[in-house]
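Breakdown of the fold
Here are the chains, one letter per residue:
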Amino acid sequence: MSRARPDPIVLLGAALGLAALALPWVNFRENRLVLGEGFPLLGLPAGWLLPALWLALGALAWSSWRSDARTAWLGAVLFAVTCAGVSGLLGGAASSLMLEATPLARVSPAGGFWLSVLALYVAGFGLSRWPGAARWSGLLGLLAFAAVPLLGWWQDLGLAQEYANIAGTFWPQLGLHLALSLTALLLALILGLPLGLAAARHERLSGTVLGVAGFLQTVPSVALFGLVLPVFSALGRDATLGSYVGWAGGALLLGTALWRLFGQKIAGLLGGLLALLGVQALLLLGGLALIGMLEGVWLGGRSFSPEALSLSAPLSAWGIRGIGAAPALLALTIYALLPVVTNTFVGLRSVPPALTDAARGLGMTGGQILRRAEWPIALPFIMEGIRAALVLTFGIATIAPLIGAGGLGFFIQRGVEGNVPDLVLLGALPIVLVALLLSGLVGWLGQRLTPPGLRPEAAAQGAELTEASPEVRSVS
Amino acid sequence: MIEFREVTKQFAGGPPVLNGITLAVPDGELVVLIGPSGSGKSTLMRLVNRLIEPTSGSVWVDGRNVADVNVVELRRNIGYVIQSVGLFPHLTVAQNVELVPSITGVPAAQRRRRAEDLLHLMGLEPAAYAERYPRQLSGGQQQRVGIARALAADPAYLLMDEPFSALDPITREALQEQFLQLKRELGQTILFVTHDVEEAVRLGDHICLLGDGVIQQFGPPDELLHRPANDFVASFMGDSRELLRLGLRTAADYMRPPDPAARGQVGLDWPADRALSALLGAGGAAMQVVAPSGEVVGSLRLSDFAGSSQAQQPAGEPGA
């Protein structure tokens, strides 16, 4: 294979990196309130280092050497050094500017830095397509980039100063954010998987289920919070724990009975839905209790009093009130529902009808077909739905602090109100990073859970194998 | 034995697809259900393993009304092969064949051995094919696996719904040939649906021609070809049905004593259509008939094929 051509993607990355030098690298402000002043990188100590690195990387991408393993190594190492350089020069710029400034001054990353990060992403993507060691350059670069702040070299950056101010609540809020979105995902799965299954099984039902899930998705999130607020408010005030558990348990029992009696007929399906909602209501309470407990432990908020365990306790003692985690959980669950339902539906519909016909004809029961064929075939689709739902809820949970539920959005909200861009970043960056991380994790898990026979490489392998058709064996 | 007694099937809001069908499939025989599309041949077959329930009448397998048998038990004793095969794409070939035995709790080693035997029987060497996935196989190979899967539980009955119809002609012929040999070895009672007259004549011990919801004619292939009961049968079996009959016979059925003037040779065991083709190619001259041992046992000329059709019944098994 000829590899004599320059790599256009890495070259583009290097060009972007060089272009970024024309923009201000950091923004310096005397205090939080005044407008800032931009400083280009080249005017700062050791600023020449970055263009040198970009030029070296560009030269490597232009040259024709990269067919051999040594060039790939060189590319990966050079890339990692460039990543560390971008990260380090940001911290360095902050340190040099803060030398002569008061502690109230703030240094924030500016356009040049952000464009450099984009350039790194582009170059890393290009390099990861090179052979050998270069395949790991993305990970290597990420580690090099992250090493700088982890070693404390961003300490003079506004971001680090704001972090120092809120260090006590940052991790608990991140934990709450995760707890909110994961609980919502769990609730959505418990409601969405059976709904997707029912939609896939019943032609007439599919329109309704997918339509409703799609419609719910279009309701603006802030409006949804507002709409469920009075409902939860009234519920928390007037209902007791005992009556709530009674109603939810009753719905579960009645629904299960209807399901058993009428099977897959409409009455039975309605019963199934009722039972699901009953389970949902009970789980919502459990989820709220969990989140309330975490909040109490982490943020020193309310904690459970012994009275909350009595059946006559108002629901508000368990966190069901107009503001707080309850309406947020409900809204997040509703948003997570659509990807879960659609992907379950699509996954189950992707099972060839011939397979079901043959399996039934061979004496497999509906449950056996579901467990042995439909579930494994639909699983990659469902995992993709979980991934979408997770990223979605993690993002939307950002506005949960608006109604008093915690989360990283808390810092964003405070940053916007107080005109502190660094605080906004402090809330936003972890959301982006964790969302990417979760998405990658679920994506990887989805690939692992895809049965080997359904993976793309199985088909590619088959193309050559089928050429050798066997001779018809004669039976004597 | 599979028996249909006065079976009628009517789908909601339509005319009856099957109207009072009474039919018996004797043990060890292969009965072909044939007819134009919409004639209800697949429907009739699917009544046997209760994928469809009759509107009225009953279906009996082994002397028991299928309506009284547990549906899962019933189906596990009846192999089922369909045109689009329906293999599990996420399971290997061996796992597909072992599917039903693995559910019924047959020990792993035993069912594995059975699967390998069946694959071997179907011409797919287990060493090369057992661990492959369905989409790494050609259509013909997939259908071999499908047949092996249907035979895995060693069922006494086999239902085959156009199993070879989606294959290319060469693969189809190879599979038909192999299937005939297999059938003789295993001795299952088989109900076979096809729309292909040639396939029906080739494989069937008896053919049941369905049309307009009723049985138009039931009999050995030769009978449907030579003595069609009505115009419907005659037109369905086609204008060249006398030529198709030749496939049921061999050169031995037509030959006369040796003729020293004969030139060229045809095999004693050649299908008669092949012998006729050879004669036509030789320009109508007489040819020698040669036994597999090489000995000249007779001679054959074009005129032997004319007018002899009433006299001779097929020798031995049809299609042999």
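Residues numbered from 1 in each chain as written. Chains lettered and ligands numbered in written order. Predicted model: local features only at pLDDT ≥ 70, side-chain atom pairs only at ≥ 80, totals over all residues.

Within an unreviewed UniProt entry, the label attached to chain B reads Amino acid ABC transporter ATP-binding protein, and the organism entered is Deinococcus piscis. Annotation of chain B in UniProt includes, under Sequence similarities (unreviewed entry), the sentence "Belongs to the ABC transporter superfamily." (UniProt positions renumbered as here; feature names shortened; annotations may be inferred.)

Chain A has the name Amino acid ABC transporter permease in an unreviewed UniProt entry, where Deinococcus piscis is given as its organism. Here is the UniProt Sequence similarities (unreviewed entry) comment for chain A, exactly as written: "Belongs to the binding-protein-dependent transport system permease family."

1. Some words on the overall build of chain A
What chain A contains, in helices and strands, is 16 helices and three strands. Projected onto the principal axes, the alpha-carbon positions of chain A cover approximately 85 × 80 × 35 Å. Intrachain contacts of chain A at a sequence separation of at least 6 include 77% that bridge at least 24 residues. (Helix = DSSP H or I, 4+ residues; strand = E, 2+ residues; numbered from the N terminus. Contact = placed C-beta atoms within 7 Å.)

2. Describing the overall build of chain B
What chain B contains, in helices and strands, is 13 helices and 13 strands. The C-alpha radius of gyration of chain B comes to 22 Å, within 12% of the 20 Å expected for a compact globule of 320 residues. Counting only C-alpha atoms, chain B reaches 65 × 50 × 30 Å along its principal axes. A burial count over chain B gives 47% of its 320 residues as buried. Counting contacts in chain B only where the partners sit at least 6 residues apart, residues at least 24 apart contribute 63% of the total. (Rg over C-alpha atoms; globule rule 2.2 N^0.38 Å. Buried ≥ 20, exposed ≤ 12 C-beta atoms within 10 Å, placed from the backbone.)

3. Some thoughts on the interface of chain A and chain B
The interface is formed by 33 residues belonging to chain A together with 34 residues belonging to chain B. Counting residues per element, the ones that place at least two in the side of chain A that touches chain B are α12 (353-361), α13 (366-396) and α16 (456-465) of chain A. In terms of residue count, α12(A) provides more of the side of chain A that touches chain B than any other element does, seven residues in total.

4. Comments concerning the sheet that holds strand β2 (residues 16-25) of chain B
Residues and elements named next belong to chain B. Taking strand neighbours across the sheet as the criterion, the four strands line up as β2-β1-β4-β5 in an open arrangement whose pairing is antiparallel. The strands lining the two open edges of the sheet, one partner per strand, are β2 and β5 (64-65). Relative to β2, strand β1 (residues 2-10) is paired through six bridges, and the arrangement is antiparallel. Bridge assignment links Lys9 to a residue of β2, and that residue is Leu18. Those strands touched by helix α1 (residues 41-48) are β1, β2 and β4 (56-61), and its axis lies near 120° from that of β1. (Pairing = 2+ DSSP bridges. Axes fitted to C-alpha atoms, helices over the stretch in contact; angles between N-to-C directions.)

5. Notes on the pairing of strand β9 (residues 206-211) of chain B
If a strand is regular, its side chains alternate between the two faces of the sheet. All names here are of chain B. For β9, the tally of buried residues reaches six of six residues, placing the bulk of the element in the interior. The two faces of β9 match: His206, Cys208 and Leu210 on one face and Ile207, Leu209 and Gly211 on the other face are all buried. Alignment of strand β3 (residues 30-34) against β9, held across four bridges, turns out to be parallel. The residue of β9 that forms the bridge with Leu33 is Cys208. The antiparallel pairing of β9 with strand β10 (residues 214-219) creates a hairpin that spans two residues between the two strands, and Asp212 there sits at a positive phi of about 55°.

6. Considering the domain arrangement of chain A
When the parts come together, some accessible area is lost, and that loss is often what is quoted as the size of the interface. Domain annotation for chain A reports domain 1 (8-156) and domain 2 (166-452). Centre-to-centre, using C-alpha coordinates, domain 1 of chain A lies 40 Å away from domain 2 of chain A. (Domains from an automatic or database assignment.)

7. Digging into the domain arrangement of chain B
When the domains of chain B are assigned, the result is domain 1 (2-244) and domain 2 (249-305). Inter-centroid distance (C-alpha atoms) of domain 1 of chain B to domain 2 of chain B is 36 Å.

8. Considerations on the sheet that holds strand β1 (residues 24-29) of chain A
All names here are of chain A. Taking strand neighbours across the sheet as the criterion, the three strands line up as β2-β1-β3 in an open arrangement whose pairing is antiparallel. Strand pairing shows two members of the sheet lacking a second neighbour, β2 (37-40) and β3 (106-109), which therefore form its edges. Each adjacent strand pair in this sheet contributes to an overall mean axis angle of 30°, direction not counted. Bridge count for β1 against β2 is four bridges, and the pairing is antiparallel. Residue pairing across strands places Phe28 opposite Glu37, the latter belonging to β2.

9. Points about the confidence of the model for chain B
Predicted coordinates in regions of low pLDDT should not be interpreted in detail. Residue and element names in this part refer to chain B. In this model, chain B carries an average pLDDT of 87, and 96% of its residues clear a pLDDT of 70 or more. In this model residues 309-320 is a low-confidence stretch, pLDDT under 50, and it forms 18 contacts with partners more than four residues away in sequence or in other chains. Scored as a whole, the predicted complex attains pTM 0.81, and scored at its interfaces, ipTM 0.81. (pLDDT = per-residue confidence, 0-100.)

10. What to know about the environment of A:Ala308
Residues and elements named next belong to chain A. Looking at the secondary structure, you find Ala308 in the loop between α10 (266-299) and α11 (325-349). A sequence separation of 68 residues divides Ala308 from Thr240, and the C-alpha atoms of the two residues are 9.9 Å apart. With sequence-adjacent residues up to four places away left out, Ala308 is seen in contact with Ala313, Ala317 and Trp318.

11. Details of the pairing of β4(B)
Residue and element names in this part refer to chain B. With five bridges connecting them, β1 and β4 associate as antiparallel partners. Considered in β4, the bridge of Arg5 is made with Ser58. In sequence, β4 turns back onto β5 through a hairpin of two residues, with Asp62 there showing a positive phi of about 60°.

12. Some thoughts on the environment of A:Arg201
All names here are of chain A. Position of Arg201 relative to the elements: it lies in helix α6 (residues 158-201). When the 16 C-beta atoms within 10 Å are taken as the criterion, Arg201 is described as partly exposed. Along the primary structure Arg201 and Phe345 are separated by 144 residues, whereas in three dimensions their C-alpha atoms are 8.9 Å apart.

13. What to know about the nonpolar core
In terms of nonpolar packing, the biggest core is built from 199 residues, with A:Val26 and A:Leu180 touching the most fellow members. For this core, the leading source of residues is α11(A), giving 16 residues. Among the nonpolar cores identified, the runner-up in size contains 16 residues, and B:Tyr254, B:Met255, B:Leu279 and B:Leu300 belong to it. (Core = buried A, V, L, I, M, F, W, Y, C linked by C-beta atoms within 7 Å.)

14. Points about α11(A)
Residues and elements named next belong to chain A. Its 25 residues give α11 an end-to-end C-alpha distance of 36 Å, which sits within 8% of 36 Å, the value for a rise of 1.5 Å per residue. Where α11 bends most, the angle comes to about 30°, and this point is Leu337, followed within four residues by the proline Pro339. Within α11, 23 of the 25 residues are buried, which leaves it mostly tucked inside the rest of the structure. (Expected span 1.5 Å × (residues − 1). Bend = angle between axes of the 7 residues up to and from the residue.)

15. Quick look at the confidence of the model for chain A
Residues with a pLDDT of 70 or more make up 93% of chain A, whose mean pLDDT is 85. This stretch, residues 462-476 of chain A, has a pLDDT under 50; its non-local contacts, to residues over four places away or in other chains, come to 22 contacts.

16. Focus on the packing of helix α3 (residues 69-98) of chain A against helix α5 (residues 137-150) of chain A
All names here are of chain A. Packing of α3 against α5 leaves a shortest axis separation of 8 Å and a crossing angle of 25°. Taken together, the axes of α3 and α5 lie roughly parallel to each other. As for the relative orientation of α3 and α5, their crossing is right-handed in sense. Of α5, the residues touching α3 (which contributes Gly75, Ala76, Phe79, Ala80, Cys83, Ala84, Val86, Ser87, Gly88 and Gly91) are Ser137, Leu140, Gly141, Ala144, Phe145, Ala147, Val148 and Pro149. Per-class residue counts for the contact of α3 with α5 are 12 nonpolar, six polar and no charged. (Parallel < 35°, antiparallel > 145°, perpendicular 65-115°, else oblique. Left-handed = near helix turned anticlockwise from the far one by under 90°. Nonpolar A, V, L, I, M, F, W, Y, C, P; charged D, E, K, R; others polar.)

17. Overview of the packing of helix α8 (residues 221-238) of chain A against α11(A)
All names here are of chain A. Taken N-terminus to C-terminus, the directions of α8 and α11 make an angle of 130°; their axes are 9 Å apart at the nearest point. Between α8 and α11, the angle is such that the two are oblique. As for the relative orientation of α8 and α11, their crossing is right-handed in sense. In contact with Ser221, Leu224, Phe225, Val228, Leu229 and Phe232 of α8, α11 contributes Ala326, Pro327, Leu330, Ala331 and Ile334. Classifying every residue of the contact of α8 with α11 gives 10 nonpolar, one polar and no charged.

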